[in-house]
Amino acid sequence: MTVYLPASLEEAFEAFELAPDADLLAGGTDYMVEVNSGHRHPSKVVALRKVGELAGWRREGDEVVLGAGLTYTDLMQPDLSELLPGLAQAARTVGSPQIRNVGTLGGNLGTASPAGDTLPVLSALDAVVVLGRRGSVRRLTMHEFVLGPKATALEPGELIVEVRVPAALGSQEFLKVGTRNAMVIAVVNVALVVDWVGRSVRCALGSVGPVPIRAGEAEAFAESRIDWAAGGLTGGAADLAEFAGLVRAAARPIDDHRSTAEYRTHAVGVCAHRALDRVLARAGSWTLGHAS
Amino acid sequence: MTTATGIRRGRLGESARRPDGGPKVRGQFAFSSDLFAEGMLWGHLVRSPHAAATIRGVDISEATKASGVHAVLTADDVPGRKTFGLDYPDQPVFAWDVARYMGEPIAAVAADHPDTARRAAAGSSSARLRSATSRM
Amino acid sequence: MSDLITYALKVNGREREVVGAWLGENLLYVLRERLGLPGSKNACEQGECGSCSVLIDGTLECACMVLAGSAAGHDIVTVEGLSPDDGELSDVQEAFVAEGAVQCGFCTPGLIVSVHDLLSRNPDPSDLEVREAISGNLCRCTGYGRVLAAVRAAQETRQR
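Parameters at a glance
- Residues numbered from 1 in each chain as written.
- Chains lettered and ligands numbered in written order.
- Predicted model: local features only at pLDDT ≥ 70, side-chain atom pairs only at ≥ 80, totals over all residues.
- Contact = placed C-beta atoms within 7 Å.
- Helix = DSSP H or I, 4+ residues; strand = E, 2+ residues; numbered from the N terminus.
- Nonpolar A, V, L, I, M, F, W, Y, C, P; charged D, E, K, R; others polar.
- Axes fitted to C-alpha atoms, helices over the stretch in contact; angles between N-to-C directions.
- Parallel < 35°, antiparallel > 145°, perpendicular 65-115°, else oblique.
- Left-handed = near helix turned anticlockwise from the far one by under 90°.
- Buried ≥ 20, exposed ≤ 12 C-beta atoms within 10 Å, placed from the backbone.
- Domains from an automatic or database assignment.
- Pairing = 2+ DSSP bridges.
- Core = buried A, V, L, I, M, F, W, Y, C linked by C-beta atoms within 7 Å.
- Right-handed = clockwise from strand over helix to strand, strands pointing away.

**Q** How should I be thinking about the interface of chain A and chain C in this particular structure?
**A** Counting residues at the interface gives 25 residues for chain A, matched by 27 residues for chain C. Of all elements in the fold, only β1 (2-4), α2 (31-36), β3 (44-47) and α6 (97-102) of chain A reach the threshold of two or more residues within the side of chain A that touches chain C. At five residues, α6(A) tops the list of elements feeding residues into the side of chain A that touches chain C. Tallied by class, residues from the side of chain A that touches chain C come to 15 nonpolar, nine polar and one charged.

**Q** When you look at the packing of helix α2 (residues 91-98) of chain C against helix α3 (residues 108-121) of chain C in this model, what are you seeing that I'm missing?
**A** Any two packed helices are characterised by the angle at which their axes cross and by the distance between the axes. Residues and elements named next belong to chain C. Look at α2 against α3: their axes get within 9 Å of each other, and the N-to-C directions meet at 130°. Taken together, the axes of α2 and α3 are oblique relative to one another. The crossing of α2 and α3 is right-handed. Residue-level inspection shows V92, Q93 and F96 of α2 in contact with α3, the latter providing T108, I112, V115, H116 and L119. Of the residues that constitute the contact of α2 with α3, the class distribution is five nonpolar, three polar and no charged.

**Q** Please explain the environment of G245(A) as it appears in this structure.
**A** All names here are of chain A. Mapped onto the fold, G245 is located in helix α11 (residues 236-250). Look at G245 and you get partly exposed, because 16 C-beta atoms sit within 10 Å. Taking the C-alpha atoms as reference points, G245 and A26, separated by 219 residues in sequence, lie 39 Å from one another.

**Q** How do you make sense of the domain arrangement of chain C when you look at a structure like this?
**A** It is common to report an interface's size as the accessible area lost on association of the parts. Residues and elements named next belong to chain C. Each domain of chain C was delimited in the assignment, giving domain 1 (4-79) and domain 2 (91-159). Computed over C-alpha atoms, the centres of domain 1 and domain 2 are 22 Å apart. Per-element tally for the side of domain 1 that touches domain 2: the top contributor is strand β3 (residues 53-56), with three residues. When its residues are assigned to classes, the side of domain 1 that touches domain 2 shows seven nonpolar, five polar and one charged.

**Q** Teacher, can you tell me more about the pairing of strand β7 (residues 136-141) of chain A here?
**A** Two faces, one strand: in a regular strand the side chains alternate between the faces of the sheet. Residues and elements named next belong to chain A. Counting buried positions along β7 yields zero of six residues, so the element is predominantly exposed. Sheet analysis places strand β6 (residues 128-133) next to β7, joined by six bridges and oriented antiparallel. Across the sheet, the residue bridging to L131 is R138, located in β7. The hairpin formed by β6 and β7 contains two residues between the paired strands, and G135 there has a positive phi angle of roughly 85°.

**Q** Looking at this model, I keep getting lost on the nonpolar core. Mind explaining?
**A** Grouped burial of nonpolar side chains is what soluble globular proteins tend to show. Judged by nonpolar contacts, the single largest core of 146 residues is most densely connected at V46(A), V190(A), V247(A) and A272(A). No other element matches the seven residues that helix α12 (residues 261-281) of chain A contributes to this core. Excluding its chain neighbours within four sequence positions, the residues that come into contact with V190(A) are P120(A), L175(A), C203(A), L205(A), V268(A), C271(A), A272(A) and A275(A). Within the second largest apolar cluster, 18 residues are counted, among which are V46(B), V72(B), A95(B) and A107(B).

**Q** Please explain the pairing of β3(A) as it appears in this structure.
**A** Residues and elements named next belong to chain A. The pairing of β1 with β3 spans three bridges and is classified as parallel. Note that in β3 the partner of V3 across the bridge is V45. Judged from the three bridges that link them, strand β2 (residues 23-25) and β3 form a sheet pairing that is parallel. When the sheet's bridge partners are listed, D23 is paired in β3 with V45. Following the backbone out of β2, through α2 and into the adjacent parallel β3, one traces a crossover that is right-handed.

**Q** Sorry, what's going on with the sheet that holds β3(A) here?
**A** Sheet strands line up and pair through hydrogen bonds in the backbone, either parallel or antiparallel. Residue and element names in this part refer to chain A. Read from one edge of the open sheet, three strands run β1-β3-β2, paired in parallel fashion. Pairing within the sheet leaves two strands with one partner each, and these edge strands are β1 and β2. Going across the sheet, the axis of each strand differs from the next one's by a mean of 25°, ignoring polarity.

**Q** Would you mind going over unusual backbone geometry with me for this structure?
**A** A negative phi angle characterises most non-glycine residues, just as the trans form characterises most peptide bonds. Positioned with a positive phi, R199(A) is a non-glycine residue whose angle comes to about 55°. If you trace the backbone, R199(A) turns up in the loop between β12 (188-195) and β13 (200-206). Even without glycine at this site, E45(C) takes up a positive phi of about 55°. Mapped onto the elements, E45(C) comes out in the loop between α1 (27-34) and β3. The class of E45(C) is partly exposed, set by 19 C-beta atoms lying within 10 Å.

Okay, here's the thing in structure tokens:
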């Protein structure tokens with residue numbers, strides 16, 4: 001019977017101690033749909049709108065620490081999008097300006113929909129999710145945090161405080177396919193990061209499994225075939241096609257009301273193909289040592 | 001006088017200013033859902049979850065007893081002809097015996113708050129609708 | 001019913017009390033049914049159509065996505081708050097009427113709020129920026145052509 005409106009993280013923890021079974025409310029773009037349709041009946045709510053500490057970000061060496069309260073609009077701003085271009089691209093595909101203005105990174109993680117648009121990017125970046133309650137924090141990898149469709153390792157009384165990701169890592173791409181070209185839940189989404197310095201390829205797939213999938217074999221293949229000195233793939237178009245095939249093999253999609261497993265498998269290959277192609281096309285500028 | 005588009009007003013063949021434009025851009029034009037009366041009730045429909053189904057019965061007892069619910073109506077409450085329609089008045093107001101499409105109204109709940117109406121409607125619907133095998 | 005709360009909202013510059021409301025009510029419901037401000041419209045209740053667009057602390061949001069009680073202590077502006085005090089129309093509102101961007105009018109309040117938000121942040125938006133800014137406001141009648149013309153007209157008016 002209460003809405004708690006903490007104005008600081010300290011107050012949020014206090015509210016949570018008073019009501020450990022309270023619902024956490026950030027942007028509300030998932031939560032309120034459930035309430036409005038009668039599928040959720042709120043009884044106690046801790047609303048995080050005023051908690052300033054959650055809405056900021058900072059640079060710590062070669063990491064960026066993102067507050068869980070950052071909105072998709074925040075993630076698209078020039079300073080952050082320069083450090084995390086894949087995340088900015090993903091944020092731009094979410095909903096509408098109204099949704100992007102309030103939906104949060106923490107909310108996307110907390111909801112853990114298999115189609116969550118930030119999730120493949122966070123997975124590809126090997127993000128660390130920081131969970132907190134008063135006096136203690138836990139750090140989990142994406143694999144440890146996202147356990148299944150709409151299931152996370154978040155415990156009662158905990159909230160997602162921040163997410164740690166590498167800053168300006170390589171060349172990043174994010175692609176999404178939906179039933180229309182805006183305001184849509186992903187049928188397939190793909191995040192690709194090619195680290196020219198570290199010589200690594202990371203490719204994460206969304207909406208083709210219960211949780212984001214790292215296409216490990218495809219990553220290893222691309223790493224072995226990229227000419228790290230001069231750019232491009234040793235085997236050219238054939239390698240690109242092989243990469244896409246390995247991505248398709250990694251997908252475990254289902255049929256649902258939005259799409260079929262067959263189409264999803266096809267689409268995830270197309271997206272991976274396109275993503276690597278775009279990254280390689282930009283590669284010239286990377287090997288010259290300039291940011292793309 | 002000229003407008004931003006350069007069209008002069010007040011002459012034959014010109015674009016006339018829309019009379020309801022002012023109220024609409026101010027949010028003052030009343031659509032039917034904007035109507036309000038003190039003490040008004042809120043309705044929510046119980047709809048068939050099945051595309052083709054036999055209705056063995058509708059149990060409205062719990063919904064009727066719920067606090068805040070003022071009325072629950074079914075086909076039994078429709079006076080006179082129980083169907084409507086423009087050219088062929090053969091569409092049930094509330095379905096009885098048979099539900100012919102997913103979403104067909106079977107009952108209506110009137111309550112003093114929309115959430116009360118919705119909860120009462122949800123409670124009374126699922127248990128009593130038994131579906132026949134699909135005829136599609 | 002249980003879960004009743006009482007709180008105050010600041011709407012269009014005025015403090016308004018909300019007494020004995022159900023906790024789960026969204027801001028759109030409270031504006032329309034408790035505060036006598038039916039200008040914001042309810043078409044989807046899912047944050048998809050934008051007909052309920054309002055400004056909260058200067059940020060464009062869908063009122064249906066806001067738990068009303070959580071908006072206490074924030075500045076809410078609705079379409080009713082965008083008309084100048086003297087009963088005239090804002091430049092954006094005038095442009096919508098003059099350019100034929102109003103048909104049934106159901107999407108209009110949401111668009112008016114979105115366009116006010118756009119031009120206050122970006123006085124000289126490109127065509128793509130305008131389209132992206134209103135992409136959260138669905139209109140079934142106009143095909144958006146006249147809406148885009150209205151935005152251009154409002155832009156020009158402001159630049160004069």
